[in-house]
Amino acid sequence: MRICFVTTGDIVSIATLKRATGMATPLIRSGHEVAIIAMDCENNRERIRLECPDITPLYFPSGNFISEIFHKKRLIKSWNPDLVYVCAFVVRNFIHKKNMRMKHSCYIVEHSELGSAIRENKWHKKILAWILEWSAIFLFDGQVTASRYLETLFKQKNRKFRRKQPILYSPYAYNKDILLPDPVLSATLKNKYGSKKIILYMGSLSLNYGFLDILKAADILQKKRDDFIVLIIGNGKHKDIGKQYVKEHQLYEYIYFLNYVPEEELPSYFNIADIFISPINDTIQDKARCPSKLFMYLPFKKPIVTCSIGEAYELFGENGYYYEWSDTNMLAEIIDMAIDNSNNLKYFIEIDNHTWEYRTNEFLIWTQTHLIEKL
């Protein structure tokens, strides 16, 4: 089977390319041909080189949405796939079976978030996202949802119009072939930060992602103990607000902003961490999305402090290190407890069930079961 993934944007700002690069190599090992349509930029090229060098990369130049759709349609027709996997149904990815008119090809789409529920989106973007979400059930042969919330939502949409479209629940995962720490770099980092317990947050430095709550919790915690530091990996529009908070509360010896860390160095940082933090808001936006970093943290078997919301609860059940959303005092308490338990953690999760190989096997079974007549 010839499978073509259609992505958009730079992987640093739009993470949907992770699905394509994660599943590509397992698909090739299963005997399939894989192409990835991706914007031509250094970050995307590096990610493909690192994670799936054996695929056929089909790059398109950066431009407006009309030129992007044009290039994608041309690349798909020239590569002639059996299955087209649209990684996110947004305007720049407006590729579907109706406008391609390739009768021999099967088209599926992935939903990894709910654009109509993103609070930061302006009203016209929310309306456009809502239209695309509803039209997806008519324009594709199957749907993939990255969260249980989205699975339930799209099943309801299908029932409303009496459609029997196949839907696959498939969260993000981790790549065990590349998520490997460098022993030398790990030792260097451990020596750099000394004997302190290391709390790590990786993500957007946006108030909407809860990173300021982490700084507030650190301020509360440092009044009780001084054997920890917090490493903040990432950038974002509210980074200066965070730095100002650190300055005002004199948290320099506890909080370290590391900015962007190269992909190949991330496993070494994860390796030295004692605790991970993944804030999740009690909103439809966060219930619907699938935080990819949860799955990147999993193989390191360290406490992951998060909220019992959405995919975090789906993953950890009753065994999570949970705090109430936006409750910084409770966050400080849970971090305090996690620090004390970090060396005696009982892991209840079968991490091999959250690799891209596992997700790919589920995907292939699903396609053979539900889409065989269209392939």
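Look up a bit, the structure's there.
This section reports on the structure supplied with the text. Numbers given to residues run from 1 along each chain, matching the order in which its sequence is written. Reporting of local features is limited, given that this is a predicted model, to residues whose pLDDT is at least 70; pairs of side-chain atoms are given and counted only at 80 or more, and all residues count toward the totals for whole chains, interfaces and linings. Only hydrogens and water are set aside; all other atoms, that is, all heavy atoms of the structure, feed into the side-chain values.

## What about the environment of L207?
Move 1: A helix here means a DSSP run of H or I that spans at least four residues, while a strand means a run of E at least two residues long, and both kinds are numbered starting from the N terminus. Positionally, L207 belongs in the loop between β8 (197–202) and α8 (211–221).
Move 2: Taking the C-alpha atoms as reference points, L207 and I241, 34 residues apart in sequence, are found 9.0 Å from one another.
Move 3: Not counting chain neighbours up to four residues away, the residues in contact with L207 comprise L212, H238 and I241. For this analysis, residues touch if any pair of their heavy atoms sits within 4.5 Å.

## Focus: the sheet that holds strand β2 (residues 33–39)
Move 1: Taken together, seven strands build an open sheet; the order of strands is β3-β2-β1-β4-β5-β6-β7 and the sheet is parallel. Here the strands that pair on one side only, and so sit at the sheet edges, are β3 (56–60) and β7 (167–169). Adjacent strand axes in the sheet meet at a mean angle of 20° when their direction is disregarded.
Move 2: The criterion for strand pairing is that DSSP finds at least two bridges linking the strands in question. Both strand β5 (residues 106–111) and strand β6 (residues 142–145) contribute to a ladder of four bridges, which runs parallel. From the neighbouring strand, V109 faces β6, where its bridge partner is Q143.
Move 3: Those strands touched by helix α1 (residues 17–29) are β1 (2–6), β2, β4 (83–86), β5 and β6, and its axis lies near 160° from that of β2. Only the contacting stretch of a helix is used when fitting its axis, a line to C-alpha atoms as for every element, and angles between N-to-C directions run 0 to 180 degrees.

## So, the nonpolar core
Move 1: Ranked by internal contacts, the top residues of the largest apolar core, which has 94 residues, are F5, I36, I255, F270, V305 and F363.
Move 2: It is α8 that provides the largest number of residues to this core, a total of seven residues.
Move 3: V6, I37, F60 and L132 belong to the second largest nonpolar core, which has 24 residues in total. As used here, the term nonpolar core means buried Ala, Val, Leu, Ile, Met, Phe, Trp, Tyr and Cys residues forming a set that is joined through side-chain atoms within 4.5 Å. Only protein chains enter the area calculation, which uses a 1.4 Å probe; residues under 20% of their type maximum are buried, those over 50% are exposed, and those in between are partly exposed.

## Structural notes on the packing of aromatic side chains
Move 1: Only centres within 6.5 Å qualify two rings of Phe, Tyr or Trp (six-membered ring in Trp) as a pair; their planes then separate them into stacked at under 30 degrees, edge-to-face at over 60, and tilted for everything else. Summed over all chains, the structure comprises 16 aromatic pairs.
Move 2: Taking the centre distance of 5.8 Å and the plane angle of 55° together, the rings of Y85 and F363 count as tilted. Separated by 278 residues along the polypeptide, Y85 in strand β4 and F363 in helix α15 (residues 356–370) bring together distant segments of the chain. A single burial state applies to Y85 and to F363, both of which are buried.
Move 3: Members of the aromatic cluster, each reached through a chain of ring pairs, are F5, Y85, F363 and W366.
Move 4: By the criterion adopted, a ring carries a charge over it if an Arg CZ or a Lys NZ lies within 6 Å of its centre and within 35 degrees of its normal. We note R19 situated over the ring of Y172; from NZ or CZ to the ring centre the distance is 5.4 Å.
Move 5: Above the plane of the ring of W134 lies K157, whose end atom (NZ or CZ) is 3.6 Å from the centre.

## Details of the pattern of salt bridges
Move 1: Just to be clear on terms, a salt bridge is a Lys or Arg side-chain nitrogen sitting within 4 Å of an Asp or Glu carboxyl oxygen. With the rule as written, the count across this model stands at 22 salt bridges.
Move 2: Between K197 and D274 there is a salt bridge; the shortest N-O distance is 4.0 Å. Placement of the pair is K197 in strand β8 and D274 in the loop between α10 (266–272) and β11 (275–278), with a sequence separation of 77 residues.
Move 3: On the basis of relative accessible area, K197 is assigned to the buried category, the value being 17%.
Move 4: D274 gets classed as buried once you look at its relative accessible area, which sits at 11%.
Move 5: D282 serves as the salt-bridge partner of K287, at 3.5 Å between the closest nitrogen and oxygen.
Move 6: Several salt bridges share partner residues, and in doing so they unite K224, R225, D227, D336 and D340 into one network.

## Remarks on the sheet that holds strand β12 (residues 304–306)
Within a sheet, neighbouring strands are paired by backbone hydrogen bonds and run either parallel or antiparallel to one another.
Move 1: Spatial strand order, β10-β9-β8-β11-β12-β13: six strands in an open sheet with parallel pairing. Among the strands making up the open sheet, the edge pair consists of β10 (255–259) and β13 (321–322).
Move 2: Pairing of β12 with β13 involves two bridges; the strand directions are parallel. Its bridge partner being in β13, V305 is matched across the sheet by Y321.

## Concerning empty space enclosed by the protein
Move 1: Definitions used for this entry: grid spacing 1 Å over protein atoms alone; cavity, a set of points where a 1.4 Å probe fits but cannot get out; pocket, an open set with protein on both sides within 12 Å along at least 5 of 7 lines; lining residue, one with an atom within 4 Å of a point. Grid points are joined across faces, edges and corners, and a volume is the space filled by probe spheres set on the points. Summed over the entire model, instances satisfying the criterion amount to two cavities of 30 Å³ or more.
Move 2: Of the voids in this model, the largest cavity is the one considered here, and its volume is about 170 Å³.
Move 3: Secondary-structure elements contributing two or more residues to the lining of the largest cavity are α2 (42–51), α10 and α12 (292–297).
Move 4: For the lining of the largest cavity, the leading source of residues is α2, giving three residues.
Move 5: Note on residue categories: nonpolar means Ala, Val, Leu, Ile, Met, Phe, Trp, Tyr, Cys or Pro, charged means Asp, Glu, Lys or Arg, and polar means any other residue, Gly included. Broken down by class, the residue content of the lining of the largest cavity amounts to ten nonpolar, two polar and five charged.
Move 6: In terms of lining, the second largest cavity is formed by I199, I214, A218, L221, F228, V230, I277 and I335.
Move 7: Those elements that place two or more of their residues in the lining of the second largest cavity are α8 and β9 (228–233).
Move 8: At three residues, the largest contribution of residues to the lining of the second largest cavity is made by α8.

## Some details on the pairing of β8
Move 1: For β8, the buried fraction is high: six of the six residues fall into the buried class.
Move 2: Side-chain alternation along β8 places K197, I199 and Y201 on one buried face and I198, L200 and M202 on a second face that is also buried.
Move 3: Direction of pairing for β8 relative to β9: parallel, over a ladder of six bridges. Within β9, the residue paired with I198 across the bridge is I229.
Move 4: Examined bridge by bridge, β8 and β11 share two bridges and lie parallel to one another. The partner of L200 across the bridge, within β11, is F276.

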